[in-house]
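Observations on the three-dimensional arrangement
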Amino acid sequence: MTSLAEKLSDVIGAVFAAHDLPETLGHVRVSDRPDLAQFQCNGAMAAAKLAKKNPREIANDIAEKLKDEPALSKIEIAGPGFINLNITDEFLAMHLAGITGDERLGVAAFASEGEEIVVDYGGANVAKAMHVGHLRPTIIGDCVKRILDFAGYKALGDVHMGDWGLPMGQIISEFEELNPDWIYFDSDIEGPYPETPPFSYSELEKIYPEASIACKADSARLEKAKQATKDLQDGRPGYRALWQHFMGLSKDNLKRNFDSVGVHFEIWKGEADVNSLIPAVEKDLREKGLVAESEGALVVPVSEESDKKEMPPLMYYKSDGAMTYGTTDLATIYDRVQLYGEALAKIVYVTDKRQNLHFEQVFRAAGKAGYAIEAPELVHIGFGTLNGPDGKPFKTRDGGVMRFDQLVSMAIDKAMQRLMEADLAGDFDDSEKQNIAHKVGVGAIKFADLSNQPHVDYIFDMDRMVSFEGKTGPYLQYQAVRIKSLLRKAEGQGDAPGCDFIIKDEDRALALLLTEMPDVFELALQNYMPHHICEYAYKLASAFSSFYANCHILSEKDEALKASRLALCDLSRRQLELTLGWLGIEVPERM
RNA sequence: GCGCCCGUAGCUCAACCGGAUAGAGCACCGGUUUUCUAAACCGGGGGUUGCAGGUUCGAGUCCUGCCGGGCGCGCCA
């Protein structure tokens, strides 16, 4: 199964090959001049360069050979050597019947049996409230995971919590400052410690900002925090017990936040989980001659002769002996390779693009150490900053940082408000209204985010996003809902989607569009760019909406045409639900 | 200083290995509901793709220089 354009590419590629030209020149794509043709092949012009011939001449030769191709209804040469193609409605109908009968709607699997990919995303931290900055890694990472999953990989999301650095020491020493009599701080005692923490999650959450400010203002406090960090990492029992409390409370809170947007992780590890591997990795690096002492620190030089820019070494141990996130990231690769072995095809990181240099260092070090040479492939998806309508980093009206849960409930509230205004929800009970508002609000946020290319900064405008008009998540959900409703009505009057497609003028645009999905999926998969899927899903919803406005389906007198159109509706619905599913957006039954 | 990313309609964004007349949404103007959900549909205006060169049959896309914005550059994560 493939896209229609790919089928045509095979046919035309064979003709190019028969002329001793590269088969890839036969690449056919959807025409960007729909007024002239449905598909186009630009290979004749590239071939002209290679063969030093006139492009139109080559195009004519190719066209001549295609004359008897039954799938094609029109072959024209235009401009400098474009080959314009139309297909017959019969061929189109046959293709649609093919994908209708396919569970995967024509999208091929890309992975071999058993290949696994770890997707490291979310950017969650222990003891820190999730805020607007966690939106992008959560949404993009989840989407990437879903795409990889559909491609046939076993995609494992790892939340990889920030649970081991200086912030931990800062919180511990802040608690010590406030409650010096707590049992956790008595270095003569090694436990047992209380099962339940002496503080709540919301108290914990407030401590970190206070500790951070205190350390900035007072270098002695910072030193204490650094010492606490080191002691924690070295295993001081009281600190470890306290830290376990942070972990328990924080995980519950993170799960609540991620659950609220339908994001779930297979792996709940963090930086701390590789703590015990740090010395082993160090030993390994030493044996391989990869480390150097520098200014009291232990580093892994990763610069290369060919480097145009300065490439600082990866810091393994700081001069105070503490580890950095470079240490834990490298050890985590080591850990994953040990754990998954040959099955591990890739490790994909979704973080802020400002960490580009960091990941380049880590990846180079992993390559030098032999943890990731051919496989696993290490991929960093760096996304851009989320800005407010003023183009500066997003802030609340009073200049603060917006919390994640606050943001989500704002969108849901807006969706609820719209639902009431629309006057469609009169007979829905409260729980269904809640359910719809939730799906619509979250869908709006996700679609708005994923519509942008990952690496660019983008402007997050809540008002625009929750207008729910035009190119928004709710528009797509709405179209899917209309189809579902239509299909229910059809069933009620005894009509069902047929197996044969009849292509009239009113059907053709939608029918042609429905053949493109596999190419879009491949594009998004190979470049880790969900916005291509957004674009396609929107085009599909829009094409359906036009079709729907143009043809009254249930009153169609021609029974065969009615069945065909219902089949077109059903295929549109399946594609919409599938593509939205890749984006992590759910479609309600009605809205 | 060195390096990376970005600059496209009033605003927010697309444009698949370089392809034909650069597309959407919002906003603006006008129209559509006794039939399947109007969170909809149809039509209209709106562009020297930051600037200047270059490569090419062909450049928003590739190369060089400049202007403007963002970010990064060993002991924060």
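Before reading further, recall that the structure is shown in the block above.
What this report covers is the structure whose coordinates are included nearby. From a predicted model like this one, the values you see are computed outputs, not experimental measurements.

Membership of the largest hydrophobic core comes to 193 residues, with the highest contact counts inside it found for Leu 96, Leu 148 and Phe 246. Among all residues touching Leu 96, those that are not within four sequence positions of it are Phe 501, Ile 503, Ala 511, Leu 514, Thr 515, Leu 568 and Leu 571.

The subject of this paragraph is the sheet that holds strand E10 (residues 344-352). Across the sheet, which stays open at both edges, the four strands sit in the order E6-E5-E10-E11 with parallel pairing between neighbours. The open sheet has two free edges, formed respectively by strand E6 (154-158) and strand E11 (377-383), since each of these has just one partner strand. Mean inter-strand twist for the sheet, computed between neighbouring axes without regard to direction, equals 20 degrees. Packed on one face of the sheet, helix H5 (residues 135-150) meets strand E5 (116-120), E6, E10 and E11 and runs near 165 degrees to E6.

Another point: the packing of aromatic side chains. Applying the stated criterion across every chain, the model contains 27 aromatic pairs. Ring plane angle 65 degrees and centroid distance 5.2 Å describe the contact between Trp 164 and Trp 243, whose orientation is recorded as edge-to-face. You can see Trp 164 sitting in the loop between E6 and helix H6 (166-178) and its partner Trp 243 sitting in helix H9 (residues 237-260), a full 79 residues away along the chain. Using a relative accessible area of 2% as the deciding quantity, one classes Trp 164 as buried. Judged by centre distance (6.4 Å) and plane angle (70 degrees), the ring pair of Phe 185 and Tyr 239 falls under edge-to-face.

What follows covers the protein's contact with RNA strand B. As a structural note, the neighbourhood of RNA strand B is formed by 75 residues, with Arg 33, Met 315, Lys 318, Tyr 478 and Cys 551 the closest of them. Atoms of RNA strand B within 4 Å of the protein belong to the sugar or the phosphate in 58% of instances, the rest to bases. At 3.4 Å from a sugar or linking oxygen of RNA strand B is found a main-chain nitrogen or oxygen belonging to Lys 471. Elements represented by at least two residues in the surface near RNA strand B include exactly strand E1 (28-30), helix H2 (43-51), strand E4 (82-87), strand E8 (297-300), helix H13 (404-421), strand E13 (458-459), helix H16 (473-492) and helix H19 (531-550). Of the residues belonging to the surface near RNA strand B, the class tally is 33 nonpolar, 21 polar and 21 charged.

Looking now at the environment of Lys 446. You can see Lys 446 is positioned in helix H14 (residues 430-450). Taking C-alpha positions, Lys 446 is 29 Å from Asp 32, a pair spaced 414 residues apart along the chain. Setting aside anything within four residues of it in sequence, one finds Lys 446 in contact with Ile 139, Asp 142, Val 261, Leu 583, Gly 584 and Ile 585. Only 2.7 Å separates the side chain of Lys 446 from the backbone oxygen of Val 261, close enough to count as a polar contact.

What counts and how
Residues numbered from 1 in each chain as written. Chains lettered and ligands numbered in written order. Predicted model: local features only at pLDDT ≥ 70, side-chain atom pairs only at ≥ 80, totals over all residues. Heavy atoms only, no water. Core = buried A, V, L, I, M, F, W, Y, C linked by side-chain atoms within 4.5 Å. Buried < 20%, exposed > 50% of the residue type's maximum accessible area, 1.4 Å probe, protein only. Contact = heavy atoms within 4.5 Å. Pairing = 2+ DSSP bridges. Helix = DSSP H or I, 4+ residues; strand = E, 2+ residues; numbered from the N terminus. Axes fitted to C-alpha atoms, helices over the stretch in contact; angles between N-to-C directions. Phe/Tyr/Trp six-rings, centres within 6.5 Å; stacked < 30°, edge-to-face > 60°. Near = heavy atom within 4 Å. Polar contact = N/O pair within 3.5 Å; in protein donor to acceptor, adjacent residues only side chain to side chain. Nonpolar A, V, L, I, M, F, W, Y, C, P; charged D, E, K, R; others polar.

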